[in-house]
There are 2 protein chains.
Amino acid sequence: MPPVLVVGTVAYDSVETPFGKVEEALGGSATFFSVAASFFTEVRLVACIGKDFQQKDVDFLESRNIDIQGLERMDGQTFRWTGKYGYDLNDAQTLATHLNVLASFEPKLPPSYQSVEYVFLGNLDPLIQRKVMAQVKAPKLIACDTMNYWISGHFASLVETIKQVNILVINDAEARQLTRESNLARAARKILSWGPHTVVVKRGEYGALMFSRADGQRVAVFGTPAYPMEDVFDPTGAGDSFAGGFMGYLAGINRVDEKTLRQAVIFGSVIASFNVEKFSLDRLKELTFTEIELRYREFREMTLFDDVIDWKH
Amino acid sequence: MPPVLVVGTVAYDSVETPFGKVEEALGGSATFFSVAASFFTEVRLVACIGKDFQQKDVDFLESRNIDIQGLERMDGQTFRWTGKYGYDLNDAQTLATHLNVLASFEPKLPPSYQSVEYVFLGNLDPLIQRKVMAQVKAPKLIACDTMNYWISGHFASLVETIKQVNILVINDAEARQLTRESNLARAARKILSWGPHTVVVKRGEYGALMFSRADGQRVAVFGTPAYPMEDVFDPTGAGDSFAGGFMGYLAGINRVDEKTLRQAVIFGSVIASFNVEKFSLDRLKELTFTEIELRYREFREMTLFDDVIDWKH
């Protein structure tokens, strides 16, 4: 089962939602991604931590399917993010960001990572994302994420990165900002014209859309609603755990065609839906593969409808 | 093929979008509904018009499958709505509303309408909606729509109407406002607890969700993304044409079970997706049933994904 490599952030998050708050919880894009992907395959983690990063958190990562040879401990403090959500849980308000060790992070892939075929470039400086790509010898599938900060401040560099990846995983506001296209279908087509064969657009509580020409030149569109949650507790990490489920499944099954990409979008949606049920990684820590399979089946039940074969007009 | 009865507004709309403007175009909730439903079955229209309503518009309605015996011509001017859309085409800004004859409208069903089994109560005063229901002798399915104006100003009366209908068709902001629940799944469950067996939540460019216990006590959830339009020209009437396709199909096929309701949501989504391609009713006027069937099939292609049968963990 091919492993997946992820580069991104490992952080301590302080989060407040209408339902409670948590201080200094393990978080960061690479952490959520890794734990999510670990349900499907082995993960090779590339990230940096500070001197203050706790041993219990190292132990937790190691207890999963996560290789931490690429987790570099640097002088200084671990990256910290403080955020708050209102009743509209779609949008986080960032209260504080302390880059700390992240400011001088230069990812170096351990030799055993360099032959990994499935690669996810988490939300980081696009230049760093390219430096990681350059160290991967024979990639089969490279996907990347980004955020508004890089779109507005490092646009040309970001486009250079996007040109070199196969899949862009992005949210709808970012897709619009990146392409200066208010229409999402047009935005997706523009991104595809830059190089990637697939764009996955995350829409939070509205689900996900995928535009893909993985099977040929025709762009196939796939859409799914999100799982209709009655209790969203903490949306932190929803996008990263989506990406982890998505990439973890593709690597685990070692196939990148339209059919498999669609299943991967559903697995991503499944993992994200669990992730938001509790604070931080609390829900993923207790999650079982049986629960994942059950919710995958619920997605099928939720979206299936019949052909109209008995309709006489 | 059982007909569907609709009560609602017939209006002259003046609409401005980023792509152009139209003045005094035929519109109104009952008009969009009727034209949409007429692809699937006969329509019995109940609405009022003023002395100024043009004969060519009467002729157009008659040229469809629409019975206009219930279209009452009153002293005064036809209802008028003026609205504007920005680049975010989800939300209309109402610039002017002139109720005109609508202010004193008291719908009276012609005798031939009173035995209709499929009834749609368009967005009107909930008291008027109940007065229409009272005139229907043996309804099989009653659905209704509403809007923020009635929710904030006539809440108790609206709830009384909702208690008496089988299906509420509503948009997501309205569902939240109506139930004072920010969570949509909870909002839907609350509405179901009032009486309806089905709630259809329209989410504009994000598609639709349906919560239904039409087949029993268990609430089944169905969701579909919207058709990813590259060119949305004028969203006016999207919700009403959705409702028309939805109810027209149910009446036409004369069945109200979960399976048929799901197909009806797709037909509603299909008609709405065509409706927004041109101003006013221009697209529906030229639409063919072959195009409808083709786009229905595109919805299937867009949403299908496989069971995971070859996954070994």
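Look up: the structure comes first, before these words.
If you're wondering where the values come from, they're calculated on a predicted model, not measured in any experiment. (Residues numbered from 1 in each chain as written. Chains lettered and ligands numbered in written order. Predicted model: local features only at pLDDT ≥ 70, side-chain atom pairs only at ≥ 80, totals over all residues. Heavy atoms only, no water.)

> I'd like to hear about the interface of chain B and chain A, residue by residue, with values.
At the interface, 51 residues of chain B touch 51 residues of chain A. Contact between chain B and chain A buries roughly 4700 Å² in total, counting both sides, with carbon and sulfur atoms accounting for 52%. Linking chain B with chain A are 10 salt bridges. Those elements giving two or more residues to the side of chain B that touches chain A turn out to be helix H6 (172–179), helix H7 (184–194), strand S12 (208–212), strand S13 (220–224), helix H8 (238–253), helix H9 (258–275) and helix H11 (289–303) of chain B. Counting residues per element, the side of chain B that touches chain A draws most heavily on H11 of chain B, at 8 residues. (Contact = heavy atoms within 4.5 Å. Buried area = accessible area lost by both parts, 1.4 Å probe. Salt bridge = Lys/Arg side-chain N within 4 Å of Asp/Glu carboxyl O. Helix = DSSP H or I, 4+ residues; strand = E, 2+ residues; numbered from the N terminus.)

> A description of the side chain of Arg80 of chain A should follow, citing residues and the corresponding values.
Residues and elements named next belong to chain A. With respect to the helices and strands, the residue Arg80 is situated in strand S6 (residues 79–85). One polar contact links the side chain of Arg80 to the main-chain carbonyl oxygen of Thr78, over a distance of 2.9 Å. The contact partners of Arg80, leaving out residues within four places of it in the chain, are Tyr12, Glu24, Asp52, Ala96, Thr97, His98 and Asn100. (Polar contact = N/O pair within 3.5 Å; in protein donor to acceptor, adjacent residues only side chain to side chain.)

> So what's going on with the relation of the copies chain B and chain A? Residues and values would help.
Placing chain B over chain A gives an RMSD of 0.0 Å and needs a rotation angle of 180°, together with 0.0 Å of translation along the axis. Interpreted geometrically, this transformation is the action of a two-fold axis. When you check the interface residues of chain B against chain A, 100% turn up at the interface there too, and the contact is symmetric in its surfaces. (Least-squares fit on C-alpha atoms with pLDDT ≥ 70 in both.)

> Report on the sheet that holds strand S2 (residues 11–17) of chain B, specifying residues and quantitative values.
Residues and elements named next belong to chain B. The 4 strands are arranged S3-S2-S6-S7 in an open sheet whose pairing can be described as mixed. At either margin of the open sheet sits one strand with a lone partner, and together these are strand S3 (20–27) and strand S7 (92–98). On average, each strand axis in the sheet is inclined to that of its neighbour by 15°, with strand direction left out of account. Relative to strand S6 (residues 79–85), S2 runs parallel, the two being bridged by 6 bridges. Residue pairing in the sheet places Glu16 in a bridge with Lys84 of S6. (Pairing = 2+ DSSP bridges. Axes fitted to C-alpha atoms, helices over the stretch in contact; angles between N-to-C directions.)

> Before we move on, can you summarise the packing of aromatic side chains with the specific residues and values?
With the rule as written, the count across this model stands at 29 aromatic pairs over all chains. On the numbers, 5.6 Å between centres and 85° between planes, the contact of Phe305 of chain A with Tyr296 of chain B is edge-to-face. In this pair, Phe305 of chain A sits in the segment after helix H11 (289–303) while Tyr296 of chain B sits in helix H11, so the two residues belong to two different chains. Each residue in the set Phe40, Phe222, Tyr249, Phe267, Phe289 and Tyr296 of chain A together with Phe305 of chain B is aromatic and connected to the rest through ring pairs, giving one cluster. Over the ring of Phe39 of chain A we find Arg64 of chain A, and its NZ or CZ is 4.8 Å from the ring centre. (Phe/Tyr/Trp six-rings, centres within 6.5 Å; stacked < 30°, edge-to-face > 60°. Lys NZ or Arg CZ within 6 Å of the ring centre and 35° of its normal.)

> I'd like a rundown of the sheet that holds strand S13 (residues 220–224) of chain A, residues and numbers included.
Residues and elements named next belong to chain A. What the 9 strands build is an open sheet, ordered S5-S4-S1-S8-S9-S10-S11-S12-S13; its pairing is mixed. What marks the edges here is a single partner per strand, and that holds for strand S5 (66–73) and S13. Between one strand axis and the next, the sheet turns by 15° as a mean value, whatever way the strands run. Here strand S11 (residues 198–202) pairs with strand S12 (residues 208–212) via 5 bridges, running antiparallel. Counted as the bridge partner of Val199 is Phe211 from S12.

> Explain the environment of Glu277 of chain B to me, and be specific about the residues and the numbers.
All names here are of chain B. Within the secondary structure, Glu277 sits in the loop between H9 and helix H10 (282–286). In the structure, Glu277 is positioned 207 residues away from Gly70 in sequence and 30 Å away in space, judged by C-alpha atoms. Ignoring any residue separated from it by four or fewer positions in sequence, one finds Glu277 in contact with Met229, Asp231, Phe233, Arg283 and Arg295. Within polar-contact distance, the side chain of Glu277 engages the side chain of Arg283 at 2.7 Å.

> I'd like to hear about the packing of helix H3 (residues 126–134) of chain B against helix H5 (residues 155–164) of chain B, residue by residue, with values.
All names here are of chain B. Close contact between H3 and H5 brings their axes to 8 Å; oriented N to C, the two are set at 30°. Taken together, the axis directions place H3 and H5 in an arrangement best described as roughly parallel. The crossing of H3 and H5 is left-handed. Residue-level inspection shows Pro126, Leu127, Gln129, Arg130 and Met133 of H3 in contact with H5, the latter providing Ser157, Leu158, Glu160, Thr161 and Gln164. Within the contact of H3 with H5, the residues separate by chemical class into 4 nonpolar, 4 polar and 2 charged. (Parallel < 35°, antiparallel > 145°, perpendicular 65-115°, else oblique. Left-handed = near helix turned anticlockwise from the far one by under 90°. Nonpolar A, V, L, I, M, F, W, Y, C, P; charged D, E, K, R; others polar.)

> Can you break down the packing of helix H1 (residues 29–37) of chain A against helix H8 (residues 238–253) of chain A residue by residue, with the values?
All names here are of chain A. Look at H1 against H8: their axes get within 7 Å of each other, and the N-to-C directions meet at 40°. With respect to H8, the element H1 is oriented oblique. Here the hand of the crossing between H1 and H8 comes out right-handed. Where H1 abuts H8, its residues Ser29, Phe32, Phe33, Ala36 and Ala37 lie against Asp240, Ser241, Ala243, Gly244, Gly245, Met247 and Gly248.

> Please set out unusual backbone geometry residue by residue, giving values where relevant.
The residue Asn100 of chain A is not glycine, and still its phi comes out positive at about 50°. Note on placement: Asn100 of chain A falls in the loop between strand S7 (92–98) and strand S8 (118–121). Unlike most non-glycine residues, Ser280 of chain B shows phi in positive territory, near 50°. Along the chain, Ser280 of chain B turns up in the loop between H9 and H10.

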